[in-house]
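Structural characterization, general
The chain contents come next:
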Amino acid sequence: MLNPALLMRTSFFIFLSAFSLSHAQVILPSIESSQLAPELKGRVLIEELNCVACHQADDTLASASRKSPRLSAVGSRVNPDYLRKFIASPHKTKPGTTMPGLSDSLSQQDKESIANEITHFLVSLNKAHVFKQEAPDSVAAAKGNELFHTVGCVACHSPRDPDGKELLLSSSVPLGNLSEKYSHKSLREFLQRPHSVRPSGRMPDLRIPGQDLDRITHYLLKNTRIPGHLAYTTWRGKVWEGLKGDVQPEKAGQTNDLSLTTFQGGNGKVPQHTAIRFNGFLRINTPGTYTFHLEMNGGSLLLNEKEILNEAPSDRRGVKKLTGTANLKQGWNPIEFTYFQTGRNANLKFEMEGPGFKRQTIPPSLFATSDQPIPVVKPLKVDQALAAKGKAHFVNFGCVKCHDDIKATSSDYPELSALKSDKGCLSHGSSSPHFDLTPEQGKLIALALPKASSVTFTDHQLVNKTLTTFNCIACHDREGLGGISPERNPYFTGTSEALGDQGRLPPPLTHVGAKLTKSWLKEILVHGGRQREYLNTRMPLFSEANVGHLVEGFGKVDSLEEATLPKVVNIRESKNAGYEMTGAGGLSCIACHDFNGQKSGGAGALDLIHTTERLQKNWFHLYMRQPSRFHPTVIMPSYWPGGQAIRKEVLNGDTDQQIEALWTYLSDGQRAKNPKGLSRQSRELRVADETVMCRGRGPASYRGIGVGYPERISLVFDSREMNLRHLWKGEFASVNHGSFQLRGDNRITFPEGIPFYRLTDMDASWPYKGKTNHTFPHDHGYQYRGYRLNKEKRPTFLYHYGDISVEDYFEDHLDENGKAYFNRTMTFNTTGPQKKFYFRVASGKKITSGKDGWQIDSLNLRVVGKISGKIRDGDSKELLVPITLPPGKTTLHLEYRW
Amino acid sequence: MVNTILKPLTLGLLGLPTISLAEDLGAMWGTAEAEAEYYPLVEIPIPPEVPMHPGSFEILPDQKLAVGTRRGDIYVLSGVFETPPNPTYELFASGQDEIFGLSWKDGALTATQFGEVTRIKDTNGDGSADQFNALTNNWGYAEGHEFAFGSKHDPDGNIWVALGLSGSYKSHNLFRGWAVKVTPDGKMIPVCSGLRSPGGVAANAEGVMFTIESQGPWNGSCSLKHLKQDHFLGHPASYNWYPFVEGLDAPALEPESNSRLQVEKKRVKELVPPAILFPYIKMGRSISGFQLDETKGKFGPFENQLFFGDYTLSLIMRATTEEINGVWQGACYPFREGLDTGIMNVQFTPKGQLIAGGFTTNRQWPVRGEKPFAIQRLDWTGKTPFEIKEINIRPDGFIFNFTLPVNSAIATDPKTYTLTTYTHNFSAGYGSPEVDHTEPIVKRAVVSDDKLSVRLFIEGIQESHIHDFDLAPMMSAANKPLLHTKAYYTVNEIPAGE
C-alpha cells in the first residue's frame, strides 16, 4: 500500500523547486495540461471566464460558460471579513482565482470602501443564518487529511504537506485560505451539494458519505481558531492500560471546564473505557501554593509542564482520592489533565484550593485555550445605507452580470463579436475589471475570439473540450489528451494491490465509446454508477446538463473493427459452456474476478455479472482475444493466444463460440448460476438461479428462517410460531454465525403469533409467544416439522396444527409488468372433520377489501377462489379468514403483491 | 479470569467489554515436541472460498467426513483420511443455525443445531440435501447464550442434547440447563437438570452418556458429567422446569452455596457429582467436543478411552471412567498440545486418526492457537509413547496401568509418586480456586509381573477430591521418561474393601 504521508513529503521536496507562482494570474490547470488545440483552449478560457456574461454572444457559448458562484446566501456561507478582503483584492486573497479585481484606476482605499459596501449589500441579502465558526476536531482532521489525499480532491486541488502547505499550487485549482473563508457548517454544506452554489459543476459532487465529509471539512478548516476555555481530545478502547497500545483517538473539540458534562451520552453517562485529555491555561489571580483534590480511577495532571499527580488507571478497582500541590504564578499557567473513565463506578471530581480560593471546582472563567487573545468573528451588522451603496456598486461594476442569481438591471457592454484582443479586459487598461491573465492566456483568447461568438465544433472537438473543461483528464487519459500527471500519480491508490496499476488508476477513456454501452456510460456520468470499488479515488457525479452529451459524443467518435460474432445454435449448451469456463476447473475467471457480490479468491477484479450490461459485445470479443491491446499493463492473460483456444474440449475449441458462451452465460446477470468454486465467504447472501436460505437469531424470534428467491423477493418464516413474518424485495440477507439480517427494501411485516386459532370471542387478543408462556405454541397444538426442498430449492414448510398437517409453499413469480410477487399454496390434510378456525392472514393500519382480495397498507393480497374474510378492528386491524376443513385435503391459494 | 466456551461465542452479542489479548493463558505442558514423535499433526487444507468454522464432525459411508459449521452449513469432504490429505469440499446443506452435533444413521444426517434437532437427507441422490425433518424444536431458545450440543445416536436411535443456561446464572427459557433425549420419532424426553454451559455430549465405552461442563457458577472447574435420568447435576437455576416434566418433582432441597460437593451430594439426594474434574488451566480451560476411541488400537494404546478438545488452550486430552458404588468417576490425562486454533470438536476416522477442528472468535476471547479456523488430523505413527494409560481406584489405593513396561526399581519406590489432593468451593459464585489441599502418603508401590501396572497403596484417599499425581521420576523398562508425568483422578466413591 502506498503511504500518502510519505509520498507527500517526497513530492514536497521534488516540487518545491518548481513552485514559482506569481500570485496574480488566473490558474485553470486543465487548460494548461490538456493537449487541446490552442484555439479550443482559448474557447475554453472564454467559457471559464464567463466573458459571455457581459459580452453577448450565441446561446451555445452562454450555456457552456461557467456561471459564477450563487451569492444570495453568501452571507451565511462566507466570513464577511473574507468577503471584504476578497472583493477588494481577489488575486491577493485567493491567488489563481478567475474572479476579476476592481478596476486598477481605483485607489486601494476606494477599493476597500467599495468592497465593504458590497459586503454589506451581500450580507443584507441573507436573512436565514448568521455566519458562525466552530472549533475544528483535530482527530477528525487527521482522518480528513488521509481522505483528502485519497478520494480524489487532489486530482484538481493541491496536495498538502503535514503543515498544510500546498505543494502543487501552480498546477492546481486554487482554494485560498479556507479557514478564513468558511465555517464548518458552510463548507460541509458546500461539499455535500457543490452544484447548488456553483451550478456549472466544475466542482463535481464526490458523493462522500456524511462522516467523511465532516472529516475532510475538519481537515480543511484545521487552522480555524476560536476562543474557548479548554481544548479536549478523547480516546476509546483499552484505556485501562493507559493511552498506549490498543487505544484509538475518538474526537477533539472544546469544553468549558474540567467536568464530564460534555462527554455524557444519551443515558447521562460517559461511555466506559474513555480517556479524556484537557489542555489549556489556568488563570491564577493570587500566586502561591495550590492544592488539587481529585477523585477518579486514574489520570494525570500537569501544571506548567510539571507533573502534579499521576495515577495509573485500572479496570479492576473503583475511584481513588488523590491530592497534589503546585506553585502557580500569577496569570496564565498551562494545564494538561488526562482522565480515564474505567473501573467500577467511574466518575470524576476535580477541586482546587489555594490563596484566596476556597476548595471548589474551577469555574470556566479561569480557563482559556490560549494565553494570547484570539479575535472573535463577530456577525456583520448590516448598515442599510452602506448596503444600498453596495448594491449600486454591484450593478455598476458588473458583478451582477456573472453573479446573476441576484436580479438587477445593468448596463450593456459590447457584444463578443465586436471585441478586440488588445482592448478592454484584455488590455491592461485602467477602467476595466482586472483578470490578471498571463500573456499566454491572452494569446489563447485572441486566437479564439474571432470565432467565439459562433462556431460549430466537430464531435471530436466537443468531446475533448468537455473533458478539458471538467478536468476529466486529471484522472483519465484519452488518446494523449491528458491523464494523470507524474507528480499526482502517487496519490492514486486502491485496495486491490494484486491488480497493479489497474487497481489504483482510473481507467483510460480511449475507445470508451466503442467499449461501454450507452446506458452504462449514462449511469456513470449522471447517476453516479460505480463498478471499481477498489479505486480509492471516487468517480464524482456531474450533471446531465454539463456532461450528458458525452454519452452520445463518445459513441460518435469512437469505433473499433468488427469482431466475428458467431451464431449460437444451442443457447443452453452455450450458457453451460460459459458456466463451466467461468468456474474452478474451467478458465477459473473467479480466481481473480468477483461474482455476484461474492469476493474472489484473490485480486478482487471487476464483478463479472455486470459484464453484459456494461460492455458492448463487439468490444468484449476483441478484448477477450487480446486484453493487452487495450491495457498494456493489464494482468488479465489471454485465454485464446493467437486466437487459439486453450481449452480444446469446450465447444470443440472454437474461440468465437467460447467467447460468445461466456457472454451468453453472463447475460443472465444476477440470475446467472453461481460458478463452481465460487467463494461463500461473504456474509452477504446473494441469490442467483436457486433459492438461498438462512436461519437463526434475527428478524423473527431465534428460529426465523430467511428464504431469498430467484425473482429477487424474499421472506422470513418463523419456525417457532409457524408464521410468515416478513416479505421484502431486492438484496436478500447478510449472515453472521447463527444470525441474519434482512437487506433490500419494500418490507412488509406481519405480526408475531400463530397463524391459526379458534377465536371464540372477537374481542380476544390473538395468541403469541410472550416471555413466560414457555410451552407456546405447542400448547395450542402446533408442532414444527421442518421443510423439504424442490428442484429449484424452494422450501415447503411442514407443520401440524392439532391433527391437521399443513404444507406451506411459496413460489416467486413475475407479473405482466415484470414485478415479482409470491404465490402461496397451503395444503391442509386432516382425517376427521375440523371445527372452524381463523387464519390471520395479515394485519395493518388500513385494510380494505376489493373484488378479488384485500389491500393491507401497501400489501395487495389476493385469494384464488371464493373465500370470505373478516376485518377485525383494533390498534392495528387484522384480516381473518375463517376456515372449515372437511376430512381429506384442502388447498388455499394466496397471492402477495406489494 | 473466567472460563467458558460460551463467552467467546456471545461476547459480541451481549456487548460485554472485550478481554485483553495480552492475558496469560497459563503455562503450556511443554510436551508438544515430544508428542509429535507419536502423534504428528496433519493439516487438512481448506480452500479459500469455503467458510469453514467447524462445530461438529461425522463419518459418512465411503470414507467421507461431514462437517457442520457455525454458519449453518454442512460440507462433505472426501480425501480427508488420505496421506497426505487431498480433500474436496462439497456443500451438502446450508441455511441451518449453528451446528454442534452431527450423527449419521439410516441414510440421513441428524444435526443438532441451536434451535432444533433435524434429520437431513438427500432423497434424490444429487449430493445436496432436500429434506429437513425437524425432530423437535420444543426447547426454549430466545437468548444469545442458549447453545445446544448434541450426541451421536445412542443404540436406541436417540440423540442427547445438552442445553446451556441463559447466560451463566439464569434459566429463562424452557429446559435451559437440562439435558434432553430426542427419540427417532421426535419425542423430547427431559433427562436431567443442573447444567450450566455444557459442551459436547458423548457416551463412554459402557454406552453411558456424558456431557462436558464449563467452569463457572456451581462449577469450580470444567468437568465431565454423567447425564443420569431424573437427576440433578449441580446448577440449580434450571429447577424451574420440573413442573414441565411429567411425573418428576423438583428436588426437595437446593444446594447451598459456599459448601462442598461431598456435603451437598449427601444433602441433595438427586445431585450427581461430576465424574471427572479437569483442574483449571492444568487440564484445559474451555473443554468442548469429545469422543470415545473405538478404533480397536488403530489410534494407539488408548482403546475405549475418551478424547477431548479444548477451545482456549488448543489441545487434546483423554480420560478414563469407571463406576464405583453406582457413581461414575475416573481420571484425565494430558495428550497433545499445540493445535492451531480453538478446538470445538473431535472425531475418530475409520483409519484410526483423530480429526480436531474449530475456530477463534474475532479476537473477543483469547485462544492459544492462532489460526482463525482449522481442521487438523492426529495420526498415530505406530510408535507407543510411554504413558500412564489408565488409573483405577482400589479401597486402599490405585492401580496405575502403563503403555510400556516400567523400570521396576523406580516404580517400586513410593517417592516416584507425588500426590496432592484438592477440591473446589461449591458455590453460586464464578469458578473456584483449589481448596482443602491434602497430601496422602504413598505407602507402597508393587509392580505387576508384566511390569505394565503398579499397585499403589495409599493412606488418606479423599472423597470428592481431585487426586493430582506427578510421576516425574518414572522410567520405562527401556529407561525412557514418561511423555506426560501428570494425571488427575477424581474420587467420588471409595470402593469397599475386598
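Conventions adopted
Residues numbered from 1 in each chain as written. Chains lettered and ligands numbered in written order. Predicted model: local features only at pLDDT ≥ 70, side-chain atom pairs only at ≥ 80, totals over all residues. Helix = DSSP H or I, 4+ residues; strand = E, 2+ residues; numbered from the N terminus. Rg over C-alpha atoms; globule rule 2.2 N^0.38 Å. Buried ≥ 20, exposed ≤ 12 C-beta atoms within 10 Å, placed from the backbone. Contact = placed C-beta atoms within 7 Å. Nonpolar A, V, L, I, M, F, W, Y, C, P; charged D, E, K, R; others polar. Pairing = 2+ DSSP bridges. Domains from an automatic or database assignment.

1. A short note on the overall build of chain B
Secondary structure assignment for chain B yields four helices and 32 strands. Scaling as 2.2 N^0.38, a compact globule of 498 residues should have a C-alpha radius of gyration of about 23 Å, and chain B matches this with 22 Å. Overall size of chain B, expressed as C-alpha extent along the three principal axes, is 65 × 55 × 45 Å. Across the 498 residues of chain B, 56% fall into the buried class. Pairs at least 24 apart in sequence give 61% of the contacts found in chain B among residues at least 6 apart.

2. Digging into the interface of chain B and chain A
On the chain A side, the residues contacting the 30 residues of chain B number 28 residues. When residues in the side of chain B that touches chain A are grouped by element, the largest group, four residues, is from strand E9 (residues 131-136) of chain B. Partitioned by chemical class, the residues of the side of chain B that touches chain A number eleven nonpolar, 13 polar and six charged. The pairing of strand E21 (residues 782-789) of chain A with E9(B) spans three bridges and is antiparallel. Bridging from a neighbouring strand, Gly786(A) pairs with Asn133(B) of E9(B).

3. Topic: the sheet that holds strand E12 (residues 684-685) of chain A
Residues and elements named next belong to chain A. Reading across the sheet, the three strands line up as E12-E17-E18 and stay open at both edges, with antiparallel pairing between neighbours. Each edge of the sheet is formed by a strand with only one pairing partner; in this case those strands are E12 and strand E18 (739-742). Inspection of the sheet shows strand E17 (residues 733-736) paired to E18 by four bridges, in the antiparallel sense. Paired with serine 734 across the two strands is glutamine 741, which belongs to E18.

4. Section: the domain arrangement of chain B
Residue and element names in this part refer to chain B. What the domain assignment lists for chain B is domain 1 (28-378) and domain 2 (388-491). Taken residue by residue, the interface counts 37 residues in domain 1 and 30 residues in domain 2. Going through the elements one at a time, helix H2 (32-36), helix H3 (261-267), strand E17 (276-278), strand E20 (315-324) and strand E21 (327-336) are the ones with two or more residues in the side of domain 1 that touches domain 2. Looking at the side of domain 1 that touches domain 2 element by element, the count peaks at six residues for E21. Counted by class, the side of domain 1 that touches domain 2 contains 21 nonpolar, twelve polar and four charged residues.

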